[in-house]
4 protein chains.
Amino acid sequence: MVKVGIIGGAGYTAGELLRILIYHPHVELVFVQSSSNAGNPVSKVHDDLLGDTDLVFTDALSLNDVNVVFLCMGHGKSKEFFERNTLPSHLKVVDLSHDFRLKREGNDFVYGLPELNRNVIKKSSRIANPGCFATGIQLTLLPLAANNLLTGEVHVQAITGSTGAGQKPTETSHFSWRNNNLSAYKIFEHQHEGEIIQSLQQLQPGFDKEFNFVPIRGNHTRGIFVSAYIQFEGTLEEAKDLYRNFYADHPFVFLVEKNPALKQVINTNKAIIYLEKHRNKLVIISLTDNLIKGASGQAVQNMNLMFGMDEKTGLNLKPVAF
Amino acid sequence: MVKVGIIGGAGYTAGELLRILIYHPHVELVFVQSSSNAGNPVSKVHDDLLGDTDLVFTDALSLNDVNVVFLCMGHGKSKEFFERNTLPSHLKVVDLSHDFRLKREGNDFVYGLPELNRNVIKKSSRIANPGCFATGIQLTLLPLAANNLLTGEVHVQAITGSTGAGQKPTETSHFSWRNNNLSAYKIFEHQHEGEIIQSLQQLQPGFDKEFNFVPIRGNHTRGIFVSAYIQFEGTLEEAKDLYRNFYADHPFVFLVEKNPALKQVINTNKAIIYLEKHRNKLVIISLTDNLIKGASGQAVQNMNLMFGMDEKTGLNLKPVAF
Amino acid sequence: MVKVGIIGGAGYTAGELLRILIYHPHVELVFVQSSSNAGNPVSKVHDDLLGDTDLVFTDALSLNDVNVVFLCMGHGKSKEFFERNTLPSHLKVVDLSHDFRLKREGNDFVYGLPELNRNVIKKSSRIANPGCFATGIQLTLLPLAANNLLTGEVHVQAITGSTGAGQKPTETSHFSWRNNNLSAYKIFEHQHEGEIIQSLQQLQPGFDKEFNFVPIRGNHTRGIFVSAYIQFEGTLEEAKDLYRNFYADHPFVFLVEKNPALKQVINTNKAIIYLEKHRNKLVIISLTDNLIKGASGQAVQNMNLMFGMDEKTGLNLKPVAF
Amino acid sequence: MVKVGIIGGAGYTAGELLRILIYHPHVELVFVQSSSNAGNPVSKVHDDLLGDTDLVFTDALSLNDVNVVFLCMGHGKSKEFFERNTLPSHLKVVDLSHDFRLKREGNDFVYGLPELNRNVIKKSSRIANPGCFATGIQLTLLPLAANNLLTGEVHVQAITGSTGAGQKPTETSHFSWRNNNLSAYKIFEHQHEGEIIQSLQQLQPGFDKEFNFVPIRGNHTRGIFVSAYIQFEGTLEEAKDLYRNFYADHPFVFLVEKNPALKQVINTNKAIIYLEKHRNKLVIISLTDNLIKGASGQAVQNMNLMFGMDEKTGLNLKPVAF
């Protein structure tokens with residue numbers, strides 16, 4: 001059994017991690033830390049977990065009692081955590097914040113997108129779990145980058161659900177505002193752009209085309225709908241071959257022949273990819289659940305890889321479908 | 001022209017009042033007060049009013065320049081307002097809070113439900129505008145009370161939209177929580193019960209049956225769906241006659257023959273009433289828009305009456321329908 | 001391994017059964033019958049099951065190759081099925097239609113509500129799976145009936161999601177109509193009333209109080225929110241004891257202390273029960289997912305019981321939460 | 001008074017026309033034709049119009065009794081209508097189908113986008129009312145085309161509500177499917193592309209850049225959210241000047257400084273335009289209500305122009321806001 005601790009256990013991504021890990025066959029949940037909720041049952045905060053767990057939030061960090069910790073604190077907080085704590089050398093870490101996603105001097109975290117870095121992840125002990133938009137968008141482009149086929153500007157639009165913005169109530173997460181509403185934000189300036197470009201350049205060094213990204217707030221709770229397109233000179237069949245080959249042994253990515261809809265992936269760790277060719281453009285749709293493949297499910301997928309388990313262990317989740 | 005001032009202009013009910021009054025043919029909007037927004041254009045806060053008005057929020061109360069003020073501050077604030085301000089004697093007041101709805105020594109406000117008190121409202125200068133639940137629920141019961149037919153326990157369930165809870169973001173107004181969700185609250189203890197009983201007793205003195213009311217938070221934005229039932233010995237046709245007669249000259253209340261749906265009244269000042277008889281019970285459905293017939297539309301209806309205008313003036317609103 | 005066949009595999013309840021059974025550790029899915037889809041991959045119709053199963057719909061009924069069949073055809077069709085087919089004597093049946101729920105001469109089906117009939121279910125080979133409303137409502141009343149405490153009229157309102165009405169597109173399932181909308185239907189006349197009364201009388205013979213039930217169409221997809229109340233002379237604590245005792249060894253029913261919300265149970269087989277006492281009335285809230293505890297999850301729970309497995313096997317489902 | 005007839009009165013666009021025209025101060029509604037509903041009250045089909053009109057659907061076409069007819073039949077039906085009927089020479093026509101939007105030999109309809117063709121519309125008697133996507137998209141691009149500034153590829157994504165797909169229930173309009181869902185359709189192949197290009201070329205003859213358009217089905221009922229971008233060498237201020245000038249005397253188009261949200265325009269005839277500049281790209285957002293500015297409101301706007309009335313007459317509609 002892998003012994004697991006969760007740090008920052010009261011937020012959305014921690015809740016989702018708990019929903020997955022509680023029934024993971026090779027995991028023992030040792031502690032769930034939350035300063036604000038220490039002493040409360042986990043199922044009091046994540047109240048859908050009633051009957052699934054008797055765990056109680058703790059404020060203590062029993063880092064010596066676990067094999068891996070998931071860091072689910074806000075952005076910026078993971079870095080602070082490492083400044084304040086010295087971790088046991090055996091301890092593996094999966095960080096769900098953006099603090100360690102970008103490569104730089106002294107950052108020994110591996111970017112935890114299994115479809116890009118699986119072999120390195122397997123040997124790593126520190127994983128920077130990708131952002132939700134970043135996951136959905138990279139999956140539309142990696143097979144092209146792997147073949148040096150990002151030869152023109154990249155055009156991306158992505159629509160995200162309300163859980164992507166976290167649990168703190170705000171004006172744009174107010175039901176009266178958001179129901180039946182849509183708005184764009186951080187147009188061409190989303191903070192996930194950095195990690196996306198970094199991955200594309202990892203596969204296609206020298207990639208320097210413009211990356212045009214319009215993020216949209218949707219009026220749904222879960223899921224990211226990405227539509228991307230780029231100049232592509234081959235045929236649709238050639239494109240499909242590229243994608244099929246690239247994702248051949250990646251069990252969560254599905255290339256579909258029929259134009260898909262977002263709810264096909266909700267409450268699962270799947271990513272659905274769909275291609276069309278028009279004129280000289282290849283259009284790529286990707287669908288993911290932002291809290292699972294875009295966050296906590298991917299974190300578990302990374303943990304599975306780090307501990308030599310089958311990637312899918314504990315991730316055969318019942319889709320919600322409706 | 002009736003010269004109008006609005007006090008507490010930044011909230012939901014004030015916004016809705018503005019949406020109605022701006023195109024009211026006999027109203028001149030003189031000022032819209034808001035401490036927190038003084039100096040800002042009204043259309044910056046109520047941003048759907050762009051192009052509809054050039055009004056700017058003010059912090060000054062030009063009470064001598066208007067014929068009527070609408071008080072749209074939070075509950076408790078209207079009472080404070082009267083303690084701090086001396087109003088010109090000519091000035092009429094429509095208060096949208098619950099501060100003056102209950103009769104008591106020294107309270108000279110008339111309860112502003114036109115279907116109950118129209119003739120008194122016409123001669124009044126101070127109106128306590130009813131609560132949204134209270135409006136929808138009273139409309140299901142008044143014709144019975146008027147005929148002393150509240151002879152058994154009253155059973156009421158009502159489902160309200162998120163705008164009923166105001167614009168302050170809270171846990172239960174968070175889109176991620178409320179979308180596709182339902183919950184009950186203040187079961188048998190809702191604060192509107194007082195004004196409902198008061199009105200029922202006005203028509204049927206001595207009414208003392210149990211009043212069982214389960215309020216539900218729905219996952220829609222606007223509208224209150226009330227289902228009520230009570231023991232009734234007559235036939236369905238007799239019940240329909242009672243309701244038809246009671247509402248005969250009330251232009252916003254419609255008795256329908258076909259089981260209705262909430263969106264038929266949304267964005268209008270209408271109330272739809274529907275009856276069924278089963279065994280010895282009369283079931284009464286009422287549908288209203290909580291922000292219009294349940295708040296600001298009714299406030300305008302009251303103003304119309306106070307100033308001798310046709311009740312419907314300015315209230316022929318385009319339904320949203322979808 | 002229990003060998004399973006599904007008959008009528010293209011509808012909502014069959015889809016939900018498949019989502020659960022595919023990862024049930026002791027089930028082998030042998031065939032999924034659908035006349036209209038014979039030859040198509042199951043994941044083409046239930047397209048969220050992509051990658052979860054390679055099953056293909058068949059038109060053949062290999063009844064000798066399975067231990068149990070689930071009948072997921074429309075109401076009335078199960079009866080026809082039995083008229084046209086002779087079943088192998090070893091074959092167990094779980095019928096999800098209403099065809100065999102009511103006791104009558106020659107009907108040897110057991111009513112499959114484990115919280116009512118668990119011991120009988122364990123020894124049965126034919127189960128009539130309860131209706132969704134019926135499940136949610138019975139759970140609010142059974143502990144009282146078991147103690148002969150249904151001493152007054154029963155008052156029930158229940159709000160159901162759109163999946164309760166099946167997958168055929170209709171006027172009231174049209175998104176443009178249903179979004180943000182509410183309506184009542186079959187007031188005091190819902191077809192589930194028969195099975196509810198039958199169960200109440202099983203526990204409290206002679207129960208003959210009026211049963212007042214207002215069903216509401218909600219604008220959500222999954223879940224049934226029941227609020228019920230009845231005269232109750234004991235204290236709240238006494239009521240809680242009754243419910244706690246009655247459900248003590250039923251693993252899917254949870255009595256909660258905090259007023260709950262529907263999404264706590266969505267995508268799970270749980271039922272949440274919440275009690276309040278006001279005046280001489282006991283108010284009981286129950287929350288269930290109409291497609292799981294109200295249909296396919298309960299069908300699996302029944303199968304587990306019939307085959308001597310732990311009731312929860314395969315039913316530790318990840319809640320969707322948002 | 002302008003005497004008005006509506007042909008094809010039972011659909012969404014006719015319902016919306018009725019909601020507007022009933023309170024239009026200079027319109028007399030003479031007849032509303034519907035074969036399938038002849039003899040029924042209009043408010044039986046458009047049941048939110050209860051109390052607003054006593055009109056009854058007719059099957060007769062009293063073309064001599066009206067000054068203008070609105071054709072609200074399905075696409076293709078308007079052409080058939082003209083083949084079967086000879087219209088009185090005085091009769092003006094506003095056609096809401098796509099049958100006459102594209103210029104070709106013998107088509108004497110004027111394309112009814114007032115922001116493009118107002119002066120011609122004023123003198124016309126036959127108007128082809130634009131498509132909903134086409135309206136929202138053209139408004140993002142016309143000011144550039146008017147200045148020959150469409151110098152690069154055009155990138156457009158637009159998200160539409162369920163009312164855009166009409167009232168016939170289908171798989172993708174089923175609430176269980178569409179709630180919380182998203183999907184793309186007719187990618188790069190939407191039928192509105194023709195009329196958009198035609199208008200762009202009217203202002204910028206020779207425009208032949210690629211037009212990349214991804215239409216998305218959103219999970220809302222009303223409204224089209226367009227995000228477009230194109231290479232633009234000027235500054236943001238220069239762009240704003242271009243747009244401000246182009247729309248200076250068009251009362252329904254608003255250039256806003258703050259990133260807007262779709263519900264600001266719902267239930268109004270407004271179009272909101274918002275600009276950002278990033279690198280060498282100009283991003284343009286437009287928001288419209290597909291049933292009003294994208295259909296029936298624009299049809300009324302065209303009628304107003306044809307009859308010499310102020311463009312806004314009857315179109316000061318209360319926004320729904322929430």
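Each value, and the rule that gives it
- Residues numbered from 1 in each chain as written.
- Chains lettered and ligands numbered in written order.
- Predicted model: local features only at pLDDT ≥ 70, side-chain atom pairs only at ≥ 80, totals over all residues.
- Helix = DSSP H or I, 4+ residues; strand = E, 2+ residues; numbered from the N terminus.
- Rg over C-alpha atoms; globule rule 2.2 N^0.38 Å.
- Buried ≥ 20, exposed ≤ 12 C-beta atoms within 10 Å, placed from the backbone.
- Contact = placed C-beta atoms within 7 Å.
- Nonpolar A, V, L, I, M, F, W, Y, C, P; charged D, E, K, R; others polar.
- Pairing = 2+ DSSP bridges.
- Least-squares fit on C-alpha atoms with pLDDT ≥ 70 in both.
- Expected span 1.5 Å × (residues − 1).
- Bend = angle between axes of the 7 residues up to and from the residue.
- Axes fitted to C-alpha atoms, helices over the stretch in contact; angles between N-to-C directions.
- Domains from an automatic or database assignment.
- pLDDT = per-residue confidence, 0-100.
- Left-handed = near helix turned anticlockwise from the far one by under 90°.
- Parallel < 35°, antiparallel > 145°, perpendicular 65-115°, else oblique.

Asker: Hey, could you run me through the overall build of chain A in this one?
Answerer: In terms of helices and strands, chain A carries nine helices and 13 strands. Relative to the compact-globule value of 20 Å for 322 residues, chain A shows a C-alpha radius of gyration of 19 Å, a close match. Counting only residues that meet the buried cut, chain A has 58% of its 322 residues in that class. The contacts of chain A with a sequence gap of at least 6 include a subset with a gap of at least 24, amounting to 72%.

Asker: What exactly am I supposed to notice about the interface of chain D and chain A here?
Answerer: It is common to give the size of an interface as the accessible area lost on bringing the parts into contact. With 33 residues of chain D at the interface, the matching set in chain A holds 33 residues. Within the residue set of the side of chain D that touches chain A, elements represented by two or more residues are strand E7 (154-160), strand E8 (183-184), strand E9 (211-217), strand E10 (224-231), strand E12 (271-278) and strand E13 (281-288) of chain D. Of the residues in the side of chain D that touches chain A, the class split is 14 nonpolar, 14 polar and five charged.

Asker: Looking at this structure, I do not really get the interface of chain B and chain C. What am I missing?
Answerer: Tallying the contact residues gives 33 residues for chain B and 34 residues for chain C. Elements supplying a minimum of two residues to the side of chain B that touches chain C: strand E7 (154-160), strand E8 (183-184), strand E9 (211-217), strand E10 (224-231), strand E12 (271-278) and strand E13 (281-288) of chain B. Residue classes in the side of chain B that touches chain C are distributed as 14 nonpolar, 14 polar and five charged.

Asker: Before we go on, may I ask you to explain the sheet that holds strand E13 (residues 281-288) of chain C in this structure?
Answerer: Think of a sheet as strands paired side by side through backbone hydrogen bonds, with each pair either parallel or antiparallel. All names here are of chain C. The seven strands lie next to each other as E8-E9-E7-E10-E13-E12-E11, forming an open sheet whose pairing is mixed. Edge positions in the sheet fall to strand E8 (183-184) and strand E11 (253-256), since each of these pairs with one other strand and no more. Strand direction decides the pairing type here: strand E12 (residues 271-278) and E13, joined by eight bridges, are antiparallel. Residue pairing in the sheet places Ala271 in a bridge with Thr288 of E13.

Asker: Honestly, the relation of the copies chain D and chain A in this entry has me stumped. Any pointers?
Answerer: Each of the two copies of the chain can be brought onto the other by a rotation about an axis and a shift along it. Once chain D is rotated about the relating axis by 180° and shifted along it by 0.0 Å, it coincides with chain A to within an RMSD of 0.0 Å. In symmetry terms, the pair is related by a two-fold rotation axis. Measuring from the rotation axis to each C-alpha of chain D, the shortest distance belongs to Asn219 of chain D, at 3.5 Å. A shared binding surface is used by both copies, with 100% of the interface residues of chain D retained as interface residues in chain A.

Asker: What is the right way to read helix H9 (residues 292-306) of chain A from this model?
Answerer: In an α-helix there are 3.6 residues to a turn, and that puts residues three or four apart on one side. Residues and elements named next belong to chain A. The end-to-end C-alpha distance of H9, which contains 15 residues, comes to just 18 Å, noticeably less than the 21 Å that a straight helix rising 1.5 Å per residue would cover. At Gln298, H9 is bent by approximately 45°, the largest bend along its length. Backbone geometry just after H9 places Gly308 at a positive phi near 75°.

Asker: Could you clarify how one ought to interpret the sheet that holds strand E4 (residues 92-95) of chain B in this entry?
Answerer: Residues and elements named next belong to chain B. Read from one edge to the other, the open sheet built from six strands follows the order E2-E1-E3-E4-E6-E5, with strand pairing classed as parallel. A single partner strand is all that each edge strand has here, and the edge strands are strand E2 (27-33) and strand E5 (110-111). Sheet topology places E4 next to strand E6 (residues 126-128); three bridges connect them, and they run parallel. Across the sheet, Val94 pairs through a bridge with Ile127, a residue of E6. The strands that helix H9 (residues 292-306) touches are strand E1 (2-7), strand E3 (68-71), E4 and E6; relative to E4, the one it contacts most, it runs at about 160°.

Asker: Where do I start with the relation of the copies chain B and chain C in this structure?
Answerer: Rotating chain B by 180° and moving it 0.0 Å along the rotation axis overlays it on chain C with an RMSD of 0.0 Å. Most of the interface of chain B is mirrored in chain C, where 100% of its interface residues again form contacts.

Asker: Can you walk me through the domain arrangement of chain A in this structure?
Answerer: Residues and elements named next belong to chain A. Domain boundaries in chain A define domain 1 (2-130 + 293-306) and domain 2 (132-290). The straight-line distance from the C-alpha centre of domain 1 to that of domain 2 is 25 Å. At the interface, 18 residues of domain 1 touch 27 residues of domain 2. Sorting the residues of the side of domain 1 that touches domain 2 by element identifies helix H4 (114-123) and H9 as the ones contributing at least two each. The biggest single contributor to the side of domain 1 that touches domain 2 is H9, with six residues. Residue classes in the side of domain 1 that touches domain 2 are distributed as eight nonpolar, six polar and four charged.

Asker: When you look at the environment of Pro205 of chain B in this model, what are you seeing that I'm missing?
Answerer: Of note, Pro205 of chain B is situated in the loop between helix H7 (193-203) and E9. A C-alpha to C-alpha distance of 8.8 Å links Pro205 of chain B and Ala145 of chain B, two positions 60 residues apart in sequence.

Asker: Teacher, can you tell me more about the confidence of the model for chain A here?
Answerer: Regions with low pLDDT carry predicted coordinates that are not meant to be interpreted in detail. When pLDDT is averaged across chain A, the result is 97; 100% of the residues are at 70 or more. Among the scores for the predicted complex, ipTM is 0.96 and pTM is 0.97.

Asker: I keep staring at the pairing of E10 of chain B and nothing clicks. Help me out?
Answerer: A regular strand places its side chains so that they alternate between the two faces of the sheet. Residue and element names in this part refer to chain B. Summarising burial for E10: seven of the eight residues are buried, a large majority. Strand direction decides the pairing type here: E10 and E13, joined by eight bridges, are antiparallel. Directly across from Val226, in E13, lies its bridge partner Ser286.

Asker: What should I look at first to understand the packing of helix H4 (residues 114-123) of chain C against helix H9 (residues 292-306) of chain C in this one?
Answerer: Residue and element names in this part refer to chain C. It is the contact of H4 with H9, at a shortest axis distance of 9 Å, that shows an interaxial angle of 35°. The handedness of the crossing between H4 and H9 is right-handed. Every residue of H9 that contacts H4 at Pro114, Arg118, Ile121 and Lys122 is listed here: Gln301, Asn302, Leu305 and Met306.

Asker: Even after reading the chapter, I still don't get the environment of Leu236 of chain B, so can you show me in this structure?
Answerer: Residue and element names in this part refer to chain B. Turning to its location among the elements, Leu236 is positioned in helix H8 (residues 236-246). With 40 residues separating them in the primary sequence, Leu236 and Glu276 have C-alpha atoms 6.6 Å apart. Ignoring any residue separated from it by four or fewer positions in sequence, one finds Leu236 in contact with Leu275 and Lys277.

Asker: Could you clarify how one ought to interpret the environment of Asp47 of chain B in this entry?
Answerer: Secondary-structure assignment places Asp47 of chain B in the loop between helix H2 (42-45) and E3. The sequence separation of Asp47 of chain B and Gly15 of chain B amounts to 32 residues, and the corresponding C-alpha distance is 9.6 Å.

Asker: What is the right way to read the packing of helix H5 (residues 132-145) of chain C against helix H7 (residues 193-203) of chain C from this model?
Answerer: Two quantities define a packed helix pair, namely the angle between the axes and the distance from one axis to the other. All names here are of chain C. Contact pair H5 / H7: the axes reach a minimum separation of 10 Å and the direction vectors enclose 20°. Comparing the axis directions of H5 and H7 gives the class roughly parallel. Both H5 and H7 take part in a crossing whose hand is right-handed. Here Ala134, Ile137, Gln138, Leu141, Leu142 and Ala145 of H5 come into contact with H7, specifically with Glu195, Ile196, Ser199, Leu200 and Leu203. Looking at the contact of H5 with H7 residue by residue, the classes come out as eight nonpolar, two polar and one charged.

Asker: Just to check I follow, could you spell out the pairing of E13 of chain C for this structure?
Answerer: For E13 of chain C, the tally of buried residues reaches seven of eight residues, placing the bulk of the element in the interior. Taking the residues between adjacent antiparallel strands as the criterion, E12 of chain C and E13 of chain C are bridged by two residues, where Arg279 of chain C takes a positive phi near 50°.

Asker: Help me understand unusual backbone geometry in this model?
Answerer: Keep in mind that most residues, glycine aside, have a negative phi and that most peptide bonds are trans. Residue Asn180 of chain B is not a glycine yet carries a positive backbone phi of 65°. As for its placement among the helices and strands, Asn180 of chain B is situated in the loop between helix H6 (175-178) and E8. Phi at Asn267 of chain D takes a positive value of approximately 70°, unusual for a residue other than glycine. Relative to the elements of secondary structure, Asn267 of chain D occurs in the loop between strand E11 (253-256) and E12. For Asn267 of chain D, a count of 29 C-beta atoms within 10 Å puts it in the buried group.

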